[in-house]
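# Architecture and fold: a report
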Amino acid sequence: MPEWIWEYTGYDPAAEGLREALCTLGNGYFATRGAAPESSAGHGHYPGTYAAGCYDRLVSTVGGREVENEDIVNLPNWLPLRFRPLPATGPPGPWAVMDDGGFLDHRLVLGLRNGTLTRTFRHRAADGRVLDVEQCRLVHMGDPHLGVLRTVFTARGWTGRIQVESALDGNVVNDNVPRYRALDGRHLTAFRAGSTGPDTVWLRCRTRTSDIGVALAQRTTVTGGAPVSAYRETTGRHAAHRFELAVSDGRSVTVDKTVALHTSHDRAISDPFTAAVERVAAAADFPGLLRSHTVAWEQLWRRADVWVPGDAGRVLRLHVFHLLQTLSPHTTDLDVGVPARGLHGEAYRGHVFWDELFVLPYLNLHFPEVSRALLNYRHRRLPRALRAARQEGRAGARYPWQSGSDGRDETQTLHLNPRSGHWVPDRSRLQHHVGSAVAYNVWQYCQATGDVKYLHTKGADMLLQIARFWAGRAVLDPASGRYRVRGVVGPDEYHDAYPEAERPGIDDNAYTNVTAAWVLTRALELVRSLPDRRRQELLERGTLDAGELPLWEEVSRRLYVPFHRGVISQFDGYGELAELDWDLYGERYGDIRRLDRILEAEGDSVNRYQASKQADVLMLGYLFSPDELSAQFRRLGYGLTDETWHRTVDHYLRRTSHGSTLSGLVHGWVLARARRADAWRYCREALEEDAADVQGGTTAEGIHLGAMAGTLDLVQRGLTGLETREDALWLDPVELPELSEFGFTVRYRGHWGIGVRLSDGQLTVSVPESEESALRIVLRGRTLTVPPGETRTLTLTPGHGGR
């Protein structure tokens with residue numbers, strides 16, 4: 001079924017990094033890039049393996065300055081399986097590698113339905129002998145600690161011997177991202193290797209500063225013919241089985257490699273070494289593991305599949321696949337956040353940014369238990385956020401722009417411009433709006449699930465402290481009577497200071513101020529709804545102070561939102577910046593997505609221009625429905641008409657370089673809700689961002705998880721207008737001719753598998769059999785109920801609704 005596979009043929013070294021990222025296999029606990037098993041790092045190959053939440057911190061010297069970075073760690077490579085035909089006499093020749101010219105008819109098939117990567121090729125040795133090779137690998141979705149590789153060798157037209165080596169390789173460093181190569185990437189130390197029985201070898205090590213123990217155990221078996229000879233090699237950073245196998249024309253020999261991976265972060269183990277050795281010994285054979293792995297994926301797809309005809313549907317399934325490989329039900333047992341680049345590479349060092357803002361709305365309606373676990377990651381780091389605010393002389397919680405193991409701000413202070421070779425200041429840590437994203441995610445999760453207990457406990461802890469931070473961060477301007485938030489960076493990221501200013505940051509970023517007002521409003525609503533006893537507990541603990549609530553109310557109504565020439569200003573003074581000659585720069589450079597790097601290399605600064613990297617003001621149209629956004633502006637004392645919003649959209653469309661994968665997604669969403677003919681252009685770009693590597697080489701360093709999940713939510717909420725509030729599903733579908741047919745299932749409250757389908761101008765909602773009460777639906781102001789076991793089909797009025 002072509003809609004369930006992703007296929008590559010031939011071998012192109014320049015494209016290998018992209019293939020490896022998109023063919024990554026994972027299960028939420030660990031993931032391994034789709035590298036060729038016989039290839040080590042280099043020459044376009046990078047066989048990285050990453051365990052969720054496994055970080056290490058090192059200090060490097062850059063430009064004469066010491067720079068500290070925490071990175072997700074590239075763990076020992078469990079894939080190595082290499083081979084070579086042996087001569088009748090004399091020493092063996094070189095091991096076969098992808099670049100030796102002998103790999104013919106190479107084909108790689110990623111199976112989305114059952115999470116497998118199948119590889120077939122024909123290898124022609126220098127002496128003309130041909131060997132057919134078929135490999136199938138999986139990272140087990142049922143048992144999160146297992147990885148399996150089956151290799152079948154078949155000689156064609158000859159009889160003789162081949163040598164096969166199945167190994168665990170600890171000679172790895174973090175080297176996936178070229179611009180990080182000036183930094184220390186040697187994160188592993190204290191290697192030991194050994195064997196347990198005739199078919200099992202092991203490798204163990206530790207991270208250098210975080211002191212996380214890592215252990216891998218490998219079982220290798222041969223079927224279809226007894227090995228002529230076999231021995232084990234365990235030295236230093238290398239543990240291997242090496243076999244000589246007899247092969248004959250047309251007969252197949254199978255080598256199965258099963259690997260168990262454990263770290264000292266794991267629960268219910270004595271130590272990672274013992275756990276790995278015992279797990280690999282108890283593991284089923286390859287057919288058994290494939291069966292149980294397939295069952296686990298079938299269960300996931302029943303909860304997560306999306307149906308869209310054509311190529312768009314195939315890409316969306318790829319996005320579901322990679323989302324679930326990064327954040328699966330196994331995530332609920334881990335202390336991890338949403339890594340912006342998945343577990344697919346080392347870009348952004350595996351850090352957690354604001355991407356859950358794009359990921360959780362999808363997970364809330366399919367895997368709410370995973371959403372809750374991701375919110376718990378933020379809650380565990382609330383003490384660090386409180387400390388960060390205190391160190392700045394502020395109240396409440398300031399969450400960091402980049403987070404890793406313990407919640408300290410991991411945002412770098414310098415970053416390399418590869419175009420100029422300069423290390424330039426990085427002020428992105430001033431993106432304090434990340435705290436509003438945390439609050440938004442808490443609120444949306446509780447609205448979707450009805451988890452009032454969470455809202456009143458851990459949710460309240462976070463939401464109230466973030467509100468407290470914004471109330472203290474805003475300063476009253478007596479001249480205007482408005483509260484202002486100075487010295488921040490908005491989602492755009494380009495503008496981190498005013499032209500020629502020494503003070504970092506800009507003032508009154510509209511997105512930051514509007515979302516801060518929203519947080520304060522929701523916090524006040526929460527305080528009013530808390531049970532008396534819980535409110536008293538929060539007062540006693542100091543999480544809440546009744547005396548500060550009048551200030552919260554005042555700030556939530558009087559935060560300043562700048563406007564210029566009839567549009568919402570991205571920040572105060574934005575309208576006074578110079579206009580950029582977009583045509584000139586487009587002609588001069590072609591790809592101007594990273595306009596900031598281009599201008600810096602010219603000795604200029606993007607801070608001087610009305611130019612945005614990605615959606616900033618327009619993010620408001622992504623987070624809030626038209627009615628909710630209008631209500632928020634009214635509360636702040638501003639009018640927001642359809643005309644004003646449309647002018648604002650047009651203004652920023654002409655001034656955005658789309659240097660982020662999230663930009664096309666947000667613009668497509670906003671334009672679709674506004675029923676604009678150009679919406680599909682941006683939606684299509686969002687779909688293609690990783691599959692076609694639109695950003696030009698970045699996907700090889702890791703997928704863009706927020707953009708992938710956002711495209712799924714574009715179908716789920718953007719095109720349906722789906723909202724979860726007031727104990728009902730609210731729907732307001734929009735027409736996008738290029739995506740006029742689609743369907744999906746959602747989990748809402750106690751209803752598992754609610755079917756939503758849009759086709760031929762009709763919306764169909766089906767509710768599965770259960771003991772739950774009828775589902776309440778609000779469609780464009782009309783309320784109806786659908787009892788369990790029944791279906792309702794509604795005819796939509798063309799052109800209605802949406803801003």
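Above this note sits the structure.
A few points on the structure. What you see is a predicted model, and the numbers here were worked out from it, not measured in a lab.

The rules behind each value
- Residues numbered from 1 in each chain as written.
- Predicted model: local features only at pLDDT ≥ 70, side-chain atom pairs only at ≥ 80, totals over all residues.
- Heavy atoms only, no water.
- Pairing = 2+ DSSP bridges.
- Helix = DSSP H or I, 4+ residues; strand = E, 2+ residues; numbered from the N terminus.
- Core = buried A, V, L, I, M, F, W, Y, C linked by side-chain atoms within 4.5 Å.
- Buried < 20%, exposed > 50% of the residue type's maximum accessible area, 1.4 Å probe, protein only.
- Contact = heavy atoms within 4.5 Å.
- Polar contact = N/O pair within 3.5 Å; in protein donor to acceptor, adjacent residues only side chain to side chain.
- 1 Å grid on protein atoms, 1.4 Å probe; cavity = no way out; pocket = protein on both sides within 12 Å on 5 of 7 lines; lining within 4 Å.
- Points joined across faces, edges and corners; volume = space filled by probe spheres on them.
- Nonpolar A, V, L, I, M, F, W, Y, C, P; charged D, E, K, R; others polar.
- Expected span 1.5 Å × (residues − 1).
- Axes fitted to C-alpha atoms, helices over the stretch in contact; angles between N-to-C directions.
- Parallel < 35°, antiparallel > 145°, perpendicular 65-115°, else oblique.
- Left-handed = near helix turned anticlockwise from the far one by under 90°.
- Salt bridge = Lys/Arg side-chain N within 4 Å of Asp/Glu carboxyl O.

## Brief notes about the pairing of strand β27 (residues 728-731)
Pairing geometry for strand β26 (residues 723-725) and β27, over three bridges, is antiparallel. Along β27, the bridge assignment pairs Glu-723 with Trp-730. As judged from the three bridges shared by β27 and strand β31 (residues 775-779), these two strands associate in the parallel manner. Pairing of Leu-729 across the sheet is with Ile-777, part of β31.

## Looking at the nonpolar core
Counting residues in hydrophobic clusters, the biggest one holds 214 residues, and the most contacted among them are Trp-354, Trp-552 and Met-619. Sort the elements by how many residues they give to this core and helix α11 (residues 510-529) lands first, with 12 residues. Beyond its immediate stretch of four places on either side in the chain, Trp-552 contacts Leu-464, Ala-467, Arg-468, Ala-471, Leu-520, Ala-523, Leu-524 and Leu-544. In terms of nonpolar packing, the next biggest core, distinct from the first, is built from 14 residues, Val-148, Ala-217, Ala-260 and Ala-283 among them.

## Side note on the side chain of Gln-135
In this structure, Gln-135 sits in strand β10 (residues 130-139). Owing to a relative accessible area of 4%, Gln-135 belongs among the buried residues under this scheme. Side-chain polar atoms of Gln-135 contact the side chain of Thr-151, separated by 3.2 Å.

## A closer look at the sheet that holds strand β3 (residues 30-32)
In space, the three strands of this open sheet follow the order β2-β3-β4, with antiparallel pairing throughout. Of all the strands in the sheet, just β2 (25-26) and β4 (49-51) have a single pairing partner and so form its edges. The pairing of β3 with β4 spans three bridges and is classified as antiparallel. Looking at β4, one finds that Ala-31 is bridged to Tyr-50.

## Overview of empty space enclosed by the protein
A complete count under the given rule lists five cavities of 30 Å³ or more for this structure. Space inside the largest cavity adds up to approximately 120 Å³. If you trace the largest cavity, you find 15 residues lining it, with Asp-71, Tyr-180, Leu-183, Asp-184 and Gly-185 closest to the centre. Taken together, the elements giving at least two residues each to the lining of the largest cavity come down to β5 (55-62) and β6 (65-72). Per-element accounting of the lining of the largest cavity gives the leading share, three residues, to β6. Grouping the amino acids of the lining of the largest cavity by side-chain chemistry returns five nonpolar, five polar and five charged.

## Points about helix α6 (residues 368-380)
Every α-helical turn comprises 3.6 residues, leaving residues that sit three or four positions apart pointing alike. For α6, with 13 residues, the first-to-last C-alpha span of 18 Å sits near the 18 Å given by 1.5 Å per residue. Most of α6 sits inside the fold, with 10 of its 13 residues counted as buried. Residues Pro-368, Val-370, Ser-371, Ala-373, Leu-374, Leu-375, Asn-376, Tyr-377, Arg-378 and His-379 constitute the buried set of α6.

## Things to note about the packing of α11 against helix α13 (residues 549-558)
Remark: α11 packs on α13, axes separated minimally by 8 Å, with the N-to-C direction vectors making an angle of 140°. One finds that α11 runs oblique with respect to α13. In this structure, α11 crosses over α13, and the sense of that crossing is left-handed. Here Ala-517, Leu-520, Thr-521, Ala-523, Leu-524 and Val-527 of α11 lie close against α13, whose contacting residues are Leu-549, Trp-552, Glu-553, Val-555 and Ser-556.

## Some thoughts on helix α5 (residues 356-364)
Counting buried positions over the nine residues of α5 gives nine, a clear majority of the element. Within α5, the full set of buried residues consists of Glu-356, Leu-357, Phe-358, Val-359, Leu-360, Pro-361, Tyr-362, Leu-363 and Asn-364.

## Looking at the pattern of salt bridges
Enumeration over the complete set of coordinates arrives at 64 salt bridges. Where Arg-181 meets Asp-175, a salt bridge forms, and the shortest distance between an N and an O atom there is 3.1 Å. Look at the salt bridges and you will find they share partners, linking Arg-57, Glu-68, Glu-70, Arg-384, Asp-406, Arg-408 and Glu-410 into a network.

## Observations concerning the packing of α6 against helix α10 (residues 458-473)
Running from amino to carboxyl end, α6 crosses α10 at an angle of 55°, the nearest separation of the two axes being 10 Å. Here α6 lies oblique to α10, going by the angle between them. Between α6 and α10 the crossing geometry is left-handed. Packed against α6, whose contacting residues are Leu-375, Asn-376, Arg-378 and His-379, the element α10 presents Lys-458, Asp-461 and Met-462 at the interface.

## Looking at the sheet that holds strand β9 (residues 116-124)
Hydrogen bonds between backbone atoms are what pair the strands of a sheet, whose relative direction is either parallel or antiparallel. If you trace the nine strands from one edge of the open sheet to the other, you get β1-β8-β9-β10-β11-β18-β15-β14-β13, paired in antiparallel fashion. Looking along the sheet, the strands with just one partner apiece sit at the ends: β1 (5-9) and β13 (188-195). Put simply, the sheet's adjacent strands are angled 15° from each other on average, direction ignored. Here seven bridges tie strand β8 (residues 103-111) to β9, and the two strands are oriented antiparallel to one another. For Leu-104, the partnering residue across the bridge sits in β9 and is Arg-122. Taken strand by strand, helix α2 (residues 272-282) contacts β11 (146-156), β14 (200-207), β15 (213-223) and β18 (252-263), and its axis lies near 20° from that of β15.

## Section: the pairing of strand β20 (residues 414-417)
Pairing geometry for β20 and strand β21 (residues 422-425), over four bridges, is antiparallel. For Leu-416, the partnering residue across the bridge sits in β21 and is Trp-423. Taken together, β20 and the strand that follows it, β21, pair antiparallel across an intervening segment of four residues, in which Gly-421 is found at a positive phi of about 80°.

## Some details on the side chain of Arg-378
Within the secondary structure, Arg-378 sits in helix α6. Reaching out from Arg-378, the side chain makes a polar contact with the side chain of Glu-356 at a distance of 2.7 Å. Excluding residues that lie within four positions of it along the chain, Arg-378 makes contacts with Val-352, Phe-353, Glu-356, Tyr-399, Pro-400, Ser-403, Val-434, Val-438 and Met-462.

These figures capture arrangement, not role.
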